[in-house]
Amino acid sequence: MPGPKQEVLFLDHVGNHNDPYEALKYIDTLLLIDDSDSMQKCWDEVGDIIRIIAPICMEHDTDGIDLEFVNHRARGYYLTGQSGYKHIGLMKGRLDMHDSVAGIYHNVKPRGKCRLDKRLAAILDPYVDAYETHIRRNGQRNLPVPLNIIAITDMDWDEDDGTFGIIRGIAARLDFLSAPRYQAGVQFFRVGDAGRAFAKDKIDLLDDRMWREKGVRDIVDMTTWTGAPGELSRKGILKVLLGAVRRSIDYMEI
């Protein structure tokens, strides 16, 4: 079996009853938090969710997990160009990488508009660029580590948000490069009021219709959560963490 962070063709089969999260060892996990104005009403709820899922990710990810926000930028961003927090949970190296996800989260306050499309583009475009460069230079040998983005949002996005186009374009590029179907995925974990019609339309388009209508691969999974974080089941946590990169979990009901 390949070691952690090596490309695994059997990713869909990794995991067992003792450790269903084993596949997290073979992918890079990035938490993307919507910190726009509309998230104020569910900010504490999101903090509770993070406290549940972040420790599981860090337990399995040998080089820590990454944390990004839609609006907030890490200290020193204008000097370093590093918009988020890298390798959280890494037990060696730079001391500023040892912060807890929950600690960082609670120092951020929701503000501004939600242009999730720009944040996703800033994350996914360089990743696919690097993947394409690797393919040109090395072929299919030692492929880059798969990227799994977990986006926690109420889906109250700006009217001119172009998230659908960004995701469709990334999916088409991955198809053109014949990348493994788990090479990159976006898990939308929707919080807040589940009754909004506009959100239901977005959910249907992102999680189902886009792939059939546009003829590109499905790189999205959607989980809508309206209960208390403590009620999130073991199966629900598994879907949030791996649903976007494992098809068998994508189709799982929670």
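All figures in this text were calculated on a predicted structure; none of them were measured in a lab.

With respect to the nonpolar core
Link 1 in the chain: Judged by nonpolar contacts, the single largest core of 38 residues is most densely connected at I33, L67, F69, I152 and L241.
Link 2 in the chain: Those elements that place two or more of their residues in this core are strand 1 (28-33), helix 1 (43-60), strand 2 (65-69), strand 3 (85-88), helix 3 (101-105), strand 4 (147-153) and helix 7 (234-242).
Link 3 in the chain: Here this core takes 8 residues from helix 1, the largest share from any one element.
Link 4 in the chain: Discounting residues that sit within four places of it in the chain, I33 has contacts with W43, V46, I50, L67, E68, F69, V70, Y105 and I152.
Link 5 in the chain: Core analysis: the second largest hydrophobic core is formed by 33 residues, Y131, I167, A171 and F188 among them.

Looking at the packing of aromatic side chains
Link 1 in the chain: As enumerated under the stated definition, the model contains 3 aromatic pairs in all.
Link 2 in the chain: Relative to Y105, the ring of W43 has its centre 4.3 Å away and its plane inclined at 25°; by these criteria the two rings are stacked. With W43 in helix 1 and Y105 in helix 3, this pair connects stretches of sequence that are 62 residues apart.
Link 3 in the chain: Classification of Y105 as buried rests on a relative accessible area of 1%.
Link 4 in the chain: A ring pair is formed by W157 and F188, whose centres lie 5.8 Å apart and whose planes are at 45°; its orientation type is tilted. In this pair, W157 is assigned in the loop between strand 4 and helix 5 (163-176) and F188 in strand 5 (residues 184-190), connecting sequence segments 31 residues apart.

A closer look at the pattern of salt bridges
Link 1 in the chain: Evaluation of the coordinates by the stated rule reveals 10 salt bridges.
Link 2 in the chain: Between D154 and K41 there is a salt bridge, with the nearest N and O atoms lying 3.6 Å from each other. Taken together, the positions of D154 in the loop between strand 4 and helix 5 and K41 in the loop between strand 1 and helix 1 put the pair 113 residues apart, joining distant regions of the chain.
Link 3 in the chain: On the basis of relative accessibility, which here comes to 54%, the residue K41 falls in the exposed class.

Observations concerning the pairing of strand 5
Link 1 in the chain: A large share of strand 5 lies buried, amounting to 7 of its 7 residues.
Link 2 in the chain: Here strand 5 shows two buried faces, one formed by A184, V186, F188 and R190 and the other by G185, Q187 and F189.
Link 3 in the chain: In the sheet, strand 4 pairs with strand 5 via 7 bridges, with the strands oriented parallel. Following the sheet pairing, I152 is matched in strand 5 by F189.
Link 4 in the chain: Taking the sense of rotation as the criterion, the β-α-β connection linking strand 4, helix 5 and strand 5 turns out right-handed.
Link 5 in the chain: Note: strand 5 against strand 6 (residues 220-224), 5 bridges, orientation parallel. Pairing of F188 across the sheet is with M222, part of strand 6.

Some points on helix 5
Link 1 in the chain: In a regular helix each residue adds 1.5 Å, so 14 residues correspond to 20 Å; helix 5 covers 20 Å between its end C-alpha atoms and thus fits that length.
Link 2 in the chain: Those residues of helix 5 that fall on the buried side of the exposure criterion are T163, F164, I167, I170, A171 and L174. Taken down its axis, helix 5 places every buried residue within 135° of arc, on the same side.
Link 3 in the chain: Looking at the residues trailing helix 5, positive phi occurs at S178, about 55°.

Re the packing of helix 4 (residues 116-138) against helix 5
Link 1 in the chain: Contact pair helix 4 / helix 5: the axes reach a minimum separation of 9 Å and the direction vectors enclose 10°. One finds that helix 4 runs roughly parallel with respect to helix 5. Here L116, D117, L120, A121, L124, D125, V128, D129 and E132 of helix 4 lie close against helix 5, whose contacting residues are T163, I166, I167, I170, R173 and L174.

Quick look at the confidence of the model for the chain
Link 1 in the chain: Predicted confidence across the chain gives a mean pLDDT of 79, with 73% of residues reaching 70 or more.
Link 2 in the chain: Across the chain, the secondary-structure element scoring lowest on mean pLDDT is helix 8 (residues 247-250), at 47, and the one scoring highest is helix 4, at 95.
Link 3 in the chain: Here residues 6-10 is modelled with pLDDT under 50, and outside its nearest four sequence neighbours on either side it reaches 11 contacts, counting other chains as well.
Link 4 in the chain: Confidence over residues 91-98 falls short of pLDDT 50; this stretch has 9 contacts with residues more than four positions distant or in other chains.

What to know about the sheet that holds strand 1
Sheet strands line up and pair through hydrogen bonds in the backbone, either parallel or antiparallel.
Link 1 in the chain: Ordered by their spatial adjacency, 6 strands build an open sheet running 3-2-1-4-5-6, and the pairing between neighbours is mixed. Two strands lie at the open edges of the sheet, namely strand 3 and strand 6, each paired on one side alone. Neighbouring strand axes in the sheet, compared pairwise and without regard to direction, differ in orientation by 20° on average.
Link 2 in the chain: The sheet contacts of helix 1 involve strand 1, strand 2, strand 3, strand 4 and strand 5, and relative to strand 1 the element is tilted by about 175°.

Calculation criteria
- Residues numbered from 1 in each chain as written.
- Predicted model: local features only at pLDDT ≥ 70, side-chain atom pairs only at ≥ 80, totals over all residues.
- Heavy atoms only, no water.
- Core = buried A, V, L, I, M, F, W, Y, C linked by side-chain atoms within 4.5 Å.
- Buried < 20%, exposed > 50% of the residue type's maximum accessible area, 1.4 Å probe, protein only.
- Helix = DSSP H or I, 4+ residues; strand = E, 2+ residues; numbered from the N terminus.
- Contact = heavy atoms within 4.5 Å.
- Phe/Tyr/Trp six-rings, centres within 6.5 Å; stacked < 30°, edge-to-face > 60°.
- Salt bridge = Lys/Arg side-chain N within 4 Å of Asp/Glu carboxyl O.
- Pairing = 2+ DSSP bridges.
- Right-handed = clockwise from strand over helix to strand, strands pointing away.
- Expected span 1.5 Å × (residues − 1).
- Arc of directions from axis to C-beta.
- Axes fitted to C-alpha atoms, helices over the stretch in contact; angles between N-to-C directions.
- Parallel < 35°, antiparallel > 145°, perpendicular 65-115°, else oblique.
- pLDDT = per-residue confidence, 0-100.

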